[in-house]
Amino acid sequence: MKKVLHISTECYPAAKAGGMGDVVGALPIYLKDQDIKASVIIPKYKTNWIRSQIFETLQFGTFQMGDQTIKYGIQKLLKKKLPFHLYVVDIPGLFDRESIYLAEDGHGYKDEAERFIGFQRAVLSWLCHDSPTFDILHCHDHMTGLIPFFVKHCAAYSPLKKKPVCFTIHNGQYRGVFPWSQRKLLPGFDERFNGLLDWDGQINSLATAIKSAWRVNTVSPNYMQELMNQPDTLRQLYQSESKKCSGIINGIDNDLWDPSTDSYLETHLDGDNWKEFKSESKSKLCREFGLSSSKALIGYIGRMAPQKGADILTSATIDTKKQELEYNLFVLGSGDKDIEHSMKVLEDQYGDEVRVIIAYDEKLARRIYAASDFLAMPSRFEPCGLNQMYAMRYGSIPIVSHVGGLVDTVPDIKDDGNGIVFDVDDPNGCADAFYRAMNLYSDQKKFKKLRDKVTEEDFSWDKSAKKYKKLYKAVLKETK
Ligand code: ADP
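Because the structure is predicted, anything quoted here is derived from the model rather than measured.

Asker: Please give an account of the environment of Ile-420 that cites residues and values.
Answerer: Assignment of secondary structure puts Ile-420 in strand 18 (residues 420-422). On a C-alpha basis, the gap between Ile-420 and Lys-467 in space is 29 Å, while along the polypeptide they are 47 residues apart. With near-sequence residues (within four places) excluded, Ile-420 lies in contact with Phe-374, Pro-398, Ile-399, Val-400, Asp-412, Ile-413, Ala-433, Arg-436 and Ala-437.

Asker: Provide a residue-level description of the sheet that holds strand 9 (residues 198-199), including the pertinent values.
Answerer: Judged by pairing direction, the sheet is antiparallel, and its three strands sit side by side in the order 8-10-9 without closing on themselves. Across the chains shown, the open sheet's two edge strands, defined by having one partner strand only, are strand 8 (177-178) and strand 9. Sheet topology note: the strand 8/strand 10 (residues 202-204) ladder contains two bridges and is antiparallel. Residue Val-177 lies in a different strand from strand 10, and its bridge partner there is Asn-204. Packing of helix 6 (residues 205-212) onto the sheet brings it into contact with strand 8, strand 9 and strand 10, and relative to strand 10 it is tilted by some 60 degrees.

Asker: Could you give me a rundown of helix 6, with the residues and numbers involved?
Answerer: Taken across its eight residues, helix 6 has eight buried, putting it largely inside the fold. Three or more residues of helix 6 are buried, namely Ser-205, Leu-206, Ala-207, Thr-208, Ala-209, Ile-210, Lys-211 and Ser-212. N-cap assignment for helix 6: the residue whose side-chain oxygen lies 3.2 Å from the backbone N of Leu-206 is Asn-204.

Asker: Please give an account of the site of the ligand that cites residues and values.
Answerer: Neighbouring the ligand are 21 residues, the closest being Gly-19, Asp-22, Arg-303, Lys-308 and Tyr-369. Here a nitrogen atom of the ligand and a backbone polar atom of Ala-359 are 2.8 Å apart. Asp-361 has a polar backbone atom sitting 2.9 Å from a nitrogen atom of the ligand. Its free accessible area being 560 Å², the ligand has 92% of it covered by the protein chains. Of all elements in the fold, only helix 1 (19-32), strand 14 (328-333), helix 12 (362-371) and helix 13 (387-393) reach the threshold of two or more residues within the shell around the ligand. Of the residues forming the shell around the ligand, the biggest block, three residues, is contributed by helix 12. Partitioned by chemical class, the residues of the shell around the ligand number eight nonpolar, seven polar and six charged. For the shell around the ligand, the two domains that each supply at least three residues are domain 1 (2-251 + 462-479) and domain 2 (274-458).

Asker: Summarise the pairing of strand 17 (residues 397-401); cite the residues concerned and give the values.
Answerer: Two faces belong to every sheet, and in a regular strand the side chains alternate between them. For strand 17, the buried fraction is high: five of the five residues fall into the buried class. Here strand 17 shows a buried face lined by Ile-397, Ile-399 and Ser-401 and a second buried face lined by Pro-398 and Val-400. Note: strand 16 (residues 374-377) against strand 17, four bridges, orientation parallel. Residue pairing in the sheet places Leu-375 in a bridge with Pro-398 of strand 17. Handedness of the crossover is the feature at issue here: the chain leaves strand 16, passes through helix 13, returns alongside strand 17, and the resulting connection is right-handed. Bridging between strand 17 and strand 18 involves three bridges; their strand directions are parallel. Note that in strand 18 the partner of Val-400 across the bridge is Val-421. Handedness of the crossover joining strand 17 and strand 18 through helix 14 (residues 404-409) is recorded here as right-handed.

Asker: I'd like to hear about helix 15 (residues 427-442), residue by residue, with values.
Answerer: Over its 16 residues, helix 15 extends 23 Å from the first C-alpha to the last, a length consistent with the 22 Å expected when each residue adds 1.5 Å. When helix 15 is considered as a whole, its buried residues turn out to be Gly-429, Cys-430, Ala-431, Ala-433, Phe-434, Ala-437, Met-438, Leu-440 and Tyr-441. Structurally, the start of helix 15 carries an N-cap: the backbone nitrogen of Asn-428 is 3.2 Å from a side-chain oxygen of Asp-426.

Asker: Any details on the domain arrangement of the protein? Residues and values, ideally.
Answerer: Accessible area lost when the parts come together is the quantity often used to give the size of an interface. Its domain assignment divides the protein into domain 1 (2-251 + 462-479) and domain 2 (274-458). Spacing between the C-alpha centres of domain 1 and domain 2 amounts to 32 Å. With 23 residues of domain 1 in contact, the opposing surface of domain 2 contributes 22 residues. For the pair domain 1 and domain 2, the summed buried area comes to about 1,600 Å², and 55% of that belongs to carbon and sulfur atoms. At the boundary of domain 1 with domain 2, the tally comes to one salt bridge. As a salt-bridge pair, Lys-16 and Glu-362 come within 3.3 Å of each other at their nearest N and O atoms. Summed over the shared surface of domain 1 and domain 2, the result is nine residue pairs in polar contact (both at pLDDT 80 or more). Among the elements of the structure, helix 1 and helix 7 (221-229) are those that each provide at least two residues to the side of domain 1 that touches domain 2. With four residues, helix 7 is the single largest residue contributor to the side of domain 1 that touches domain 2.

Asker: Please provide a residue-by-residue account of unusual backbone geometry, values included.
Answerer: Of note, the amide linkage connecting Tyr-12 to Pro-13 takes the cis form, showing an omega dihedral of 5 degrees. Turning to its location among the elements, Pro-13 is positioned in the loop between strand 1 (2-7) and helix 1. The phi dihedral of Glu-324 falls on the positive side, at around 60 degrees, and the residue is not glycine. Considering the arrangement of structural elements, one finds Glu-324 in the loop between helix 10 (310-322) and strand 14.

The rules behind these values
- Residues numbered from 1 in each chain as written.
- Predicted model: local features only at pLDDT ≥ 70, side-chain atom pairs only at ≥ 80, totals over all residues.
- Heavy atoms only, no water.
- Helix = DSSP H or I, 4+ residues; strand = E, 2+ residues; numbered from the N terminus.
- Contact = heavy atoms within 4.5 Å.
- Pairing = 2+ DSSP bridges.
- Axes fitted to C-alpha atoms, helices over the stretch in contact; angles between N-to-C directions.
- Buried < 20%, exposed > 50% of the residue type's maximum accessible area, 1.4 Å probe, protein only.
- Polar contact = N/O pair within 3.5 Å; in protein donor to acceptor, adjacent residues only side chain to side chain.
- Near = heavy atom within 4 Å.
- Areas by Shrake-Rupley, 256 points an atom, 1.4 Å probe, with all protein chains shown as cover.
- Nonpolar A, V, L, I, M, F, W, Y, C, P; charged D, E, K, R; others polar.
- Domains from an automatic or database assignment.
- Right-handed = clockwise from strand over helix to strand, strands pointing away.
- Expected span 1.5 Å × (residues − 1).
- Buried area = accessible area lost by both parts, 1.4 Å probe.
- Salt bridge = Lys/Arg side-chain N within 4 Å of Asp/Glu carboxyl O.

As structure tokens, then:
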């Protein structure tokens, strides 16, 4: 059985800020069915889940990073709490914080470079000394993007020089860019390969990964096409590395996300009785949050970041409410303080029909998927998007912009698809989509027929896990 180590800064249930956490927590489980033994290593944050577990220390080590001596510990989760091995890197001072990425002000921590470089260096130091052996290293997003370079060009990690490294892009907009003045944080490397670290005169972790990894994939085929064709500073790089690039759509973990057993829910789906499940879930949520349950409910769950288009949602809501379109909107999200504020202003304006909860709350998120009639995703870009798949699994019809992985997973009902689609970055289009949704809702027979259809969609991991297996097989072949 081949062994893969996923190196990531998120893994559900230990630490999750978004979709990458779900993916890294689920893919290893489904790879097992493909005869691949996958383990995961993440930083040891102070999340509730991590604090409640027991870890065994496997190794202590130190390395010099700039002016600091970094002391790290590699620990392994004790007891069979997860169906795969989970390792954590304990670096006091860098990771023992509750929030994964964001400081109090809603922006990234100021010592991001130290944190991510420190993590990557600790993982590689461990892999060079007494760790279990892994056939492939699988890195996720820019936070681990220097690893494909480090293993090839740093003397300190020479035992790993030939180790295949795959790299998955969950979000190509975040790039881990820092000035060359920060190079003191890096381990010594072969200077002839300086250029691999550089993009536009700065150290760019994402660009480094694209240049140095053995294989690069995005989390949907359409997103890879967009990266290769849309105006962006990295377009040329994606094009020149296109031979090793592909797109593999994410799946969802149907066991963890099952409306008939979900432990976060109080109301469960009984057999095929969607009508009762949806109406009970909706009335409970609406009652608790002071909304009328007789109106259609549109949900929104997501990071408050320009990417997710909360401002498009706000504008479509104001537009349609001015025209007295009847529906309730339930928003759950957190992040950028300005976006959070504008969502709260929307709630103040339309308090009877709009509820906005600024929080990261797994339980409430699942209740919203279960209670909503529709789920809105007005994203400006969306590498894959999991919300639309969770929504369908819980009987909620997606209203999405035509972009990224949403194109791969939500064709419009006009084309015999499973959702309502509007043009990207188009508030008027979003408002029109709300009209289309309410029109559909007013014809309950048609609406329920579509709801039945979306609940039958299969977004399970099995197909995609097979694709990852193929990817691993291809890189292993090249090592021979
Ligand atoms: P991204 O990774 O870009 O944030 P995805 O659609 O890939 O977006 O995944 C988002 C994941 O994070 C889903 O599991 C969604 O339910 C969850 N999520 C997003 N915001 C919140 C929140 N405020 N509270 C709870 N879960 C959230």
